[in-house]
Structures are given as C-alpha cells and as structure tokens.
Amino acid sequence: MVKLTVAVAAVLVTVAGCGSSSGATPGAPEQRTLTVLAAASLTESFGALEKTFEAEHAGVDVKISFQGSSALAQQIVNGAQADVFASADEVNMKKVTDAGLAAGTPEIFATNQLTIAMPPGNPKKITSLADLAKDGVIVVVCAPQVPCGSAAQKVEQAAGVTVRPKSEEQDVKAVLTKVSAGEADAGLVYLTDVNSAGGKVTGVDFPEAAKAINKYPIAVVKDAPQAELAKAFVELVRGEAGRAELTKVGFRIP
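Heads up: these notes are all about the structure in this document. None of the values given here were measured: they were computed from a predicted structure.

1. Observations concerning the packing of helix α2 (residues 43–56) against helix α9 (residues 240–248)
Two quantities define a packed helix pair, namely the angle between the axes and the distance from one axis to the other. Running from amino to carboxyl end, α2 crosses α9 at an angle of 145°, the nearest separation of the two axes being 8 Å. When you trace α2 past α9, the crossing you get is right-handed. Of α9, the residues touching α2 (which contributes Ser45, Ala48 and Leu49) are Ala241, Gly242, Glu245 and Leu246.

Right, here's the structure in full:
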C-alpha cells in the first residue's frame, strides 16, 4: 500500500510539472504590434504618446518609424505595411490618399512653422532670414521634397532671399543634428525642434515663417493589420493627452 501511494504521488508530481513547464500564462493579454509612420518632427511628442498608449493597452507594442514625410509616403505607396501615417504636410499625405491607401479622410491635428537654428551663443550673430544668404555663413536645410524643405523655399521666396545651403537633408532632425554638432552656422528647422533640443541649439524667429505654415494630417492606413488599435491611436493624438504633448514643444492645435 505504501509503494502504491508513493507511485501515485510521483505521477501527480510529474503531471503537475508538465503543466507548469508550458510557459503559458492564463489570462495574459494578446501580444500585438501597432506600426506608426510619423514625420521626424513628431519624435518627442509621439515618443511620449507611445508610452501612454502602451500603458493603456496591455500587450500592445507601438513601433514608430520617424523619417521625412516624403520617404514615409513613398514606403506606403510601395506596399510597406503600416497602421498609422502622420505627415508634416498635406502634400505627402495626398500621395497616400491619391493611391487609395488611406482609410477614411485624413485629419489635421497640428500646425508648425520654421525658425532659424544656430549653435549656442549664435557665433555668426544671425538675426534674420537675410543673414543666411551672407558670404561665409554655412547653412543646412531640408531637401525640397521634404516638408521642411518645401517650407524653406516658400519663406525664401516671401523674403526675396536666396539661400545657398551646404547640404540638403532628408529630414529636419538631420538639419538640427548638423547645427548642434557645429557643422553648420545655421539651419532652417521647425520651432518645435528648437524647443525640444534641450539647449543644444538656439533659435531666431523671423516674420516670413508665417508664409509657410505646415499642417499635419494623420490617417489610418488602408487594410491596416491593427485597424482598431490604429483608430485608437489617432484618437489619442487628437485628444486631450495628444494636444498636451504637442503643445508642450510648440505645436499649435487647429
């Protein structure tokens, strides 16, 4: 009888061990990934909203790709899978809508405008857009197809100024990086980029910037793998929490 009891106990221990070794956690939330393609100028704001969204949606991992809007729009047109697209202008969003790749009508959630970024101390004593055209001033801007580059062309035309940049970058953060690293005396970036740079650059506003206000649209991508989560993320961006993060760095809410 003793031997039988021991044998039964051994079987029970073995069965229990098999159940516990499966690694499954009863009641654990389903693991899902939300893919967001966002303009580089949204890095700080959307980075904060990423954490908020993940905290509110158990099991969700938000993956955000921050690049120039023109590059992101082209990726979507070329078939890249994504759930949400947030552009720094309407022109690049239109590339996506014209291709029939947006689910519904994009919504404008913020506006932004250019400013001049210089290294701390402003060694070239730049005070206006016209100063960027002076001899000996090294300037970097965004490439024309990028929203910040298109805006730069508009403000130059408005001011009657021709800037000859040393380089044209693929997104606004690349311009900011060159200025903060001392590789350029000045760069045309967004007001929000200077505000979020943590003192690595200083900024000078100029009146012509009002001639090129960028409107930021956001949309759920057609056939998004996580369509419901995508809608929820758009709602977060357009809601109170989103507005708070955006205005914190200087975006304006339409």
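From this point, the narrative continues.
2. Observations concerning helix α5 (residues 147–159)
Between its terminal C-alpha atoms α5 stretches 19 Å, which fits the 18 Å expected from 13 residues at 1.5 Å a residue. Within α5, burial applies to Pro147, Cys148, Gly149, Ala151, Ala152, Val155 and Glu156. Just downstream of α5, Gly160 is the residue with a positive phi angle, here 65°.

3. What to know about α2
Compared with an ideal rise of 1.5 Å per residue, which puts 14 residues at 20 Å, α2 spans 20 Å between its outermost C-alpha atoms and is within 8% of the ideal. If you check which residues of α2 are buried, you get Ser45, Phe46, Gly47, Leu49 and Phe53.

4. Notes on the sheet that holds strand β1 (residues 32–39)
Spatially, β2-β1-β3-β10-β4 is the arrangement adopted by the 5 strands of the open sheet, whose pairing is mixed. Each end of this open sheet is capped by a strand with a single partner; those strands are β2 (60–67) and β4 (102–112). In this sheet, adjacent strand axes meet at a mean angle of 20° when their direction is disregarded.

5. As for the pattern of salt bridges
Side-chain pairs of opposite charge can arise whenever the charged atoms involved come near each other. If you walk through the whole model with that rule in mind, you get 9 salt bridges. A salt bridge links Lys231 to Glu228, with the nearest nitrogen and oxygen atoms 3.5 Å apart. Linking Lys231 with Glu228, this pair stays in helix α8 (residues 227–238), spanning 3 residues, or about one helical turn. One network of salt bridges, with partners in common, ties together Glu44, Lys173 and Asp193.

6. Points about the state of the cysteines
Evaluated as defined, the whole model comprises 1 disulfide. Across a sulfur-sulfur distance of 1.8 Å, Cys142 and Cys148 are joined as a disulfide pair. On the S-S bond that ties Cys142 to Cys148, the torsion sits near -95°, and the link is left-handed. Assigned by exposure class, Cys142 and Cys148 land together as buried.

7. Some points on the nonpolar core
Leu42, Phe46 and Phe109 are the most contacted members of the largest nonpolar core, which totals 66 residues. The element best represented in this core is α8, accounting for 6 residues. Setting aside anything within four residues of it in sequence, one finds Phe46 in contact with Val36, Ala38, Ile64, Phe66, Ala86, Phe109, Ile218, Phe233 and Val237. If you look at the next biggest cluster of nonpolar residues, it comprises 11 residues, including Leu37, Ile76, Ala82 and Val221.

8. What about the pairing of strand β5 (residues 114–118)?
Counting buried residues in β5 gives 5 out of 5 residues, a clear majority hidden from the surface. Across the two faces of β5 the burial is the same, with Leu114, Ile116 and Met118 and Thr115 and Ala117 all buried. Here 4 bridges tie β5 to strand β8 (residues 186–190), and the two strands are oriented antiparallel to one another. Bridge pairing in β8 places Ala117 opposite Gly187.

Each value, and the rule that gives it
Residues numbered from 1 in each chain as written. Predicted model: local features only at pLDDT ≥ 70, side-chain atom pairs only at ≥ 80, totals over all residues. Heavy atoms only, no water. Axes fitted to C-alpha atoms, helices over the stretch in contact; angles between N-to-C directions. Helix = DSSP H or I, 4+ residues; strand = E, 2+ residues; numbered from the N terminus. Left-handed = near helix turned anticlockwise from the far one by under 90°. Contact = heavy atoms within 4.5 Å. Expected span 1.5 Å × (residues − 1). Buried < 20%, exposed > 50% of the residue type's maximum accessible area, 1.4 Å probe, protein only. Pairing = 2+ DSSP bridges. Salt bridge = Lys/Arg side-chain N within 4 Å of Asp/Glu carboxyl O. Disulfide = S-S within 2.5 Å. Core = buried A, V, L, I, M, F, W, Y, C linked by side-chain atoms within 4.5 Å.

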